[in-house]
Amino acid sequence: MITYHEQERIFKLDTPNTSYLIGIVDEENFIGHIYYGKRLKDADASYLLRTEEPPFVPGKNNRERCSFYDCFPFEYPAGGIGDCREGCLGIRTAGGHTGAMLSYVSHEILEGKPELTGLPATFGTKKECTTLKLLCEDKYAGMQVELLYTVFQDTDAMTRSVKVTNVGREHFYLTKVFSASLDMDNRDFDMISLHGSWARERHIQRKTLGYGIQNVSSVRGESSHQDHPFLALVGKNTTQDSGEVYAMNFVYSGNFRAQAEVTQFDYVRMSMGIHPENFCWKLEAGESFQAPEVVMLYTDKGLDAMTNAFHTLYRKHLIRGEYRNKKRPILINNWEATYFDFDTEKLLSIAKEASKLGIEMLVMDDGWFGKRNNDDCALGDWQVNEEKLKGGLKYLVDEVNRLGMKFGIWFEPEMISPDSNLYREHPDWALAIPGRPAAQARQQFVLDLSRKEVVDHVYEMVASVLRSANIEYVKWDMNRPLADIGSIALPADRQGEICHRYMLAVYEMQSRLVKEFPHLLLENCSGGGARFDPGMLYYSPQIWCSDDADAIERLEIQEGTALLYPLSTMGAHVSDCPNHVVGRVTPFETRGIVALAGTFGYELDVTRIPEEDRNMIPEQVALYHQYNDLIREGDYYRIASYSQNHKFDCWQVVSENKEESLVTFVQVLCRANFKSRRLLLKGLAEDKRYEVRFVNDKEIQTKVYSGDTLMKAGLLIPSFQGDFQARLIHLVKCEEKF
Ligand code: DGJ
């Protein structure tokens, strides 16, 4: 609910458990951020703006105007006019001048949520959400700024975005547009962010927030393996179950910066938006720029509450399409099975064996087109290699369908190999700075998607392959960061638009794809998980989490990913062994149990794995069918973290009606005489009794305990031998009375 309190000039935005207050002060109409925290009963908290207290005294105090600007809690700070903290908005006028300051003009409160043109964004019906449109201006710069806030009825996560319009007579350049900012008093915060590398994505990092600016960012043209568009400020005592959390997550897949600045006055400014490096957008008179959306969250109930608020928002208000609430087909992907060395016969032999075991879809990965027999050529030549696929693609797909399986295919549409027909024909289609040889990565260049003809060509190539056969799944890959940011198609003063135009083009292509092929299951991927973000989730309900599918490496990767994203989105497979990235040997059973926490599938040559492993596949398939609804739709709780205790990992999902729960326990290294494995379960009904069954350990007797006992006293995991062992524990509500 959003209300405007006219007398106090305060906007009050309420989610089920939080309130967000914005105030307008003085005749100069400064827009201040008053409060974000636990839900308030009334709106008059304007004393928090401290406008009576020097140097907070507003406008007409010309003697100390700079001091006022430098400490007032601005709702959306610009910069260059006295506020020396880092602002959210940068402009350069036609005359080369900088500096801006916004003041309130008008507002509207709308039922529902407007779309953000060209961008992925959360959505909701008129009943599900309410939006505040706050119009501000800088009359000296000829600029209007629309701040958009949406609150939802079913989650505490709320969203913000910003649209800038040139209402003057001359052009100006936007040199920075962040999408959200939060000014508040410092509370001795810690900062949580996600970091990684290729095959090691989204590891959680927590550190003390000190004075000055601390940020996480990407200038790689993708949300990246290395940093993640997420930042949380949490109290020193915040745990999984209690304590304050302020979090931001960006619905964008390109360059970003998320930062917190602790000032001389012990104020914190937390902000997030498109990274200003390599960004400069020219706005002609009358034109607008829409910045992407930030999801914000406050809770005083710890990290699990944050996680479940994000999960609800993404499941109900971001992910779309036929598969959003549906079980996904269990797939087998041939990448680790064959790499580039495959043909129709090989793929069919995998499919035949897989179909007997209950696997439902064959995905043909990289290497089926042009002369692509290794990774140094042919990207851009999206014609089927009929030497490999004898009889053509349709023949292969039909044969796979005849086995009762679906068929999926891999593309890397955004790239071009120097050794490709496409590059020979259109060398200027690759991003490059004129006069400077562009740098290759994985021996490939990035296509200049700021050009419409390039986008149309690429889309048509992909779509015509999909039209040619019954293809029901696409893995859309992107295997290198952007560099050499230059386009021959744009004038000098628009070169700074390339990175964002590139993202808009990717979104446009995926939008066209899911419209033209509404039944298609799209899985995004970027050299593993370099573009696992809410932006991509708007187009694809699942994203390949990491190229490292080793069950133990996946514990930290999946823990960090699930901190924000529903388990239904995490591409997870049982892969080959010894693992191709780390060389570790883990039991097939454990690989299966860890992959069950995601979309579930296989990435190995099922015709060549040991027989005892193959024999386990039908059981794993059955587990997937039995528990996937619960895993996909249930509330997720982190029970123990291997990255913190260095011994074992444990997570739990609980159905909405609290009648069923699944606990996954992974013993990483077995320790002699180590007995303390009492797990305090979560999310159960205190007054219900549950039958607790160790699904894959028949030696442990099934017992009945109350939810109350399981949550307060805990569940004991008996000790067992062996490294890399996993247990699945199923809880079902039973009728037995207390
Ligand atoms: C990177 C992906 O993450 C892999 O799964 C595989 O598709 C390769 N690219 C193919 O080049």
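Preceding this paragraph is the structure being described.
Residues numbered from 1 in each chain as written. Predicted model: local features only at pLDDT ≥ 70, side-chain atom pairs only at ≥ 80, totals over all residues. Heavy atoms only, no water.

(A) How the structure looks around the overall build of the protein. Across its full length, the protein carries 14 helices and 39 strands. In terms of overall dimensions, the protein is globule-like: its C-alpha atoms have a radius of gyration of 27 Å, near the 27 Å expected for 738 residues. Seen through its C-alpha atoms, the protein measures out along the principal axes to roughly 85 × 75 × 45 Å. Across the 738 residues of the protein, 62% fall into the buried class. If you take every contact in the protein between residues at least 6 apart in sequence, the share linking residues at least 24 apart comes to 69%. (Helix = DSSP H or I, 4+ residues; strand = E, 2+ residues; numbered from the N terminus. Rg over C-alpha atoms; globule rule 2.2 N^0.38 Å. Buried < 20%, exposed > 50% of the residue type's maximum accessible area, 1.4 Å probe, protein only. Contact = heavy atoms within 4.5 Å.)

(B) Representation of the sheet that holds strand S3 (residues 18-25) in the model. If you walk across this open sheet you meet the four strands as S1-S2-S3-S4, and the pairing is antiparallel. Each edge of the sheet is formed by a strand with only one pairing partner; in this case those strands are strand S1 (2-5) and strand S4 (30-38). Direction aside, the axes of adjacent strands within the sheet are offset by 15° on average. In this sheet, S4 lies alongside S3 in antiparallel orientation, the contact comprising eight bridges. Paired with tyrosine 20 across the strands is tyrosine 36, a residue of S4. (Pairing = 2+ DSSP bridges. Axes fitted to C-alpha atoms, helices over the stretch in contact; angles between N-to-C directions.)

(C) Layout of helix H10 (residues 553-562). In terms of burial, H10 is largely enclosed, as eight of its 10 residues are buried. Taken as a whole, H10 has its buried residues at Arg554, Leu555, Ile557, Gln558, Glu559, Gly560, Thr561 and Ala562.

(D) Layout of the pattern of salt bridges. Tallied over the full model, the rule gives 56 salt bridges. A salt bridge links arginine 63 to glutamate 64, with the shortest nitrogen-to-oxygen separation between them at 3.5 Å. A salt bridge links aspartate 375 to arginine 442, with the shortest nitrogen-to-oxygen separation between them at 3.3 Å. Separated by 67 residues along the polypeptide, aspartate 375 in the loop between strand S22 (361-364) and helix H5 (392-402) and arginine 442 in the loop between helix H6 (421-425) and strand S25 (445-446) bring together distant segments of the chain. Here aspartate 375 falls in the partly exposed class, since its relative accessible area comes to 31%. Relative accessible area serves as the criterion here: at 29%, arginine 442 is assigned to the partly exposed category. Because the salt bridges share partners, they merge into one network encompassing Asp83, Arg85, Asp183 and Arg269. (Salt bridge = Lys/Arg side-chain N within 4 Å of Asp/Glu carboxyl O.)

(E) Summary view of the packing of aromatic side chains. The full count for this structure, using the stated rule, is 41 aromatic pairs. Ring centres of phenylalanine 600 and tyrosine 602 lie 5.4 Å apart, and the angle between their planes is 80°; on these two criteria the pair is classed as edge-to-face. Within the aromatic cluster, the residues linked to one another by ring pairs are Tyr20, Tyr36, Tyr149, Phe189, Tyr246 and Tyr298. Across from the ring centre of tyrosine 538, 3.5 Å away, lies the NZ or CZ of arginine 320, which sits over that ring. Sitting over the face of the ring of tyrosine 459, arginine 512 holds its NZ or CZ atom 4.4 Å from the ring centroid. (Phe/Tyr/Trp six-rings, centres within 6.5 Å; stacked < 30°, edge-to-face > 60°. Lys NZ or Arg CZ within 6 Å of the ring centre and 35° of its normal.)

(F) Seen up close, the site of the ligand. The full set close to the ligand counts 13 residues, and Asp365, Asp366, Lys475, Asp477 and Asp547 are the nearest of them. A distance of 3.4 Å separates a nitrogen atom of the ligand from a polar atom in the side chain of asparagine 479. Here an oxygen atom of the ligand and a side-chain polar atom of aspartate 547 are 2.4 Å apart. Within the complex, the protein chains bury 98% of what would otherwise be the 300 Å² of accessible surface of the ligand. Of the residues that constitute the shell around the ligand, the class distribution is four nonpolar, three polar and six charged. (Near = heavy atom within 4 Å. Polar contact = N/O pair within 3.5 Å; in protein donor to acceptor, adjacent residues only side chain to side chain. Areas by Shrake-Rupley, 256 points an atom, 1.4 Å probe, with all protein chains shown as cover. Nonpolar A, V, L, I, M, F, W, Y, C, P; charged D, E, K, R; others polar.)

(G) Summary view of the packing of helix H11 (residues 588-595) against helix H12 (residues 611-633). It is the contact of H11 with H12, at a shortest axis distance of 10 Å, that shows an interaxial angle of 30°. Here H11 is positioned roughly parallel relative to H12, judged by the angle of their axes. In this structure, H11 crosses over H12, and the sense of that crossing is right-handed. Taken together, the residues of H12 that come into contact with H11 (itself represented by Phe588, Glu589, Arg591 and Gly592) are Asp613, Met616, Ile617 and Gln620. (Parallel < 35°, antiparallel > 145°, perpendicular 65-115°, else oblique. Left-handed = near helix turned anticlockwise from the far one by under 90°.)

(H) The arrangement of the nonpolar core in detail. Formed by 203 residues in total, the largest nonpolar core has its most connected members in Leu174, Trp368 and Ile409. Here isoleucine 409 is in contact with Val363, Met364, Trp368, Leu393, Val465, Leu466, Ile471, Tyr473, Val474 and Lys475, once residues within four sequence places are set aside. One finds Ile639, Leu679, Leu684 and Leu715 within the second-largest nonpolar core, a separate group that totals 23 residues. (Core = buried A, V, L, I, M, F, W, Y, C linked by side-chain atoms within 4.5 Å.)

In short, the description is geometric, and any link to function would need to be established separately.
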